[in-house]
Amino acid sequence: VEHVIIDRSFVDEHGTRWIIDYKTGTHGGGGLDEFLDREEERYRGQLEQYAGIMRRMETRPIRLGLYFPLLRAWREWPFRDGEAAVAGPDQGPRPPSGA
């Protein structure tokens, strides 16, 4: 039995399942893009675990995202069963402005 807490999950108008993890940390020093790259790498396994759990319940496409509300930043990538996912260009829904 696995017990996980997913911050936010929804199905968009295209039938894609989104799994979003909110990150409230701040970043000091260095460039924002480099920080976001490190955070994506740091949390990729966690979101991939969530996607694997969802995959056992449904077959729709899954996209994963990290939302940094304090930095007004966003990272996303597709979940690929049995493959290492590669971050793709931003597409799909955006976090609410001012959230």
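Residues numbered from 1 in each chain as written. Predicted model: local features only at pLDDT ≥ 70, side-chain atom pairs only at ≥ 80, totals over all residues. Heavy atoms only, no water.

Caption draft 1: Highlighting the confidence of the model for the protein chain. With 82% of its residues at a pLDDT of at least 70, the protein chain reaches an overall mean of 85. Every residue in residues 84-92 scores below 50 in pLDDT, and together they form 25 contacts with partners more than four places removed in sequence or on other chains. (pLDDT = per-residue confidence, 0-100. Contact = heavy atoms within 4.5 Å.)

Caption draft 2: Geometry of the nonpolar core. Core analysis: the largest hydrophobic core is formed by 15 residues, its most contacted members being Ile-19, Leu-47, Ala-51, Ile-62, Leu-64, Leu-66 and Phe-68. Mapped by element, the contributors of at least two residues to this core are α1 (32-55), β3 (62-68) and β4 (73-78). Per-element accounting of this core gives the leading share, seven residues, to α1. Here Ile-62 is in contact with Thr-16, Arg-17, Ile-19, Ala-51, Met-54, Arg-55, Pro-78 and Phe-79, once residues within four sequence places are set aside. (Core = buried A, V, L, I, M, F, W, Y, C linked by side-chain atoms within 4.5 Å. Buried < 20%, exposed > 50% of the residue type's maximum accessible area, 1.4 Å probe, protein only. Helix = DSSP H or I, 4+ residues; strand = E, 2+ residues; numbered from the N terminus.)

Caption draft 3: Spotlight on unusual backbone geometry. Although it is not a glycine, Arg-72 sits at a positive phi angle of roughly 55°. Secondary-structure assignment places Arg-72 in the loop between β3 and β4.

Caption draft 4: The packing of aromatic side chains, seen in detail. Summed over the entire model, instances satisfying the criterion amount to five aromatic pairs. Aromatic pair Phe-35 and Phe-68: ring centres 6.1 Å apart, planes at 65°, arrangement edge-to-face. Here Phe-68 lies in strand β3 and Phe-35 lies in helix α1, a separation of 33 residues in the sequence. Classification of Phe-35 as buried rests on a relative accessible area of 9%. By relative accessible area, which is 1% here, Phe-68 ends up buried. Ring geometry for Tyr-67 and Trp-74: centres 6.4 Å apart, planes at 65°, overall edge-to-face. (Phe/Tyr/Trp six-rings, centres within 6.5 Å; stacked < 30°, edge-to-face > 60°.)

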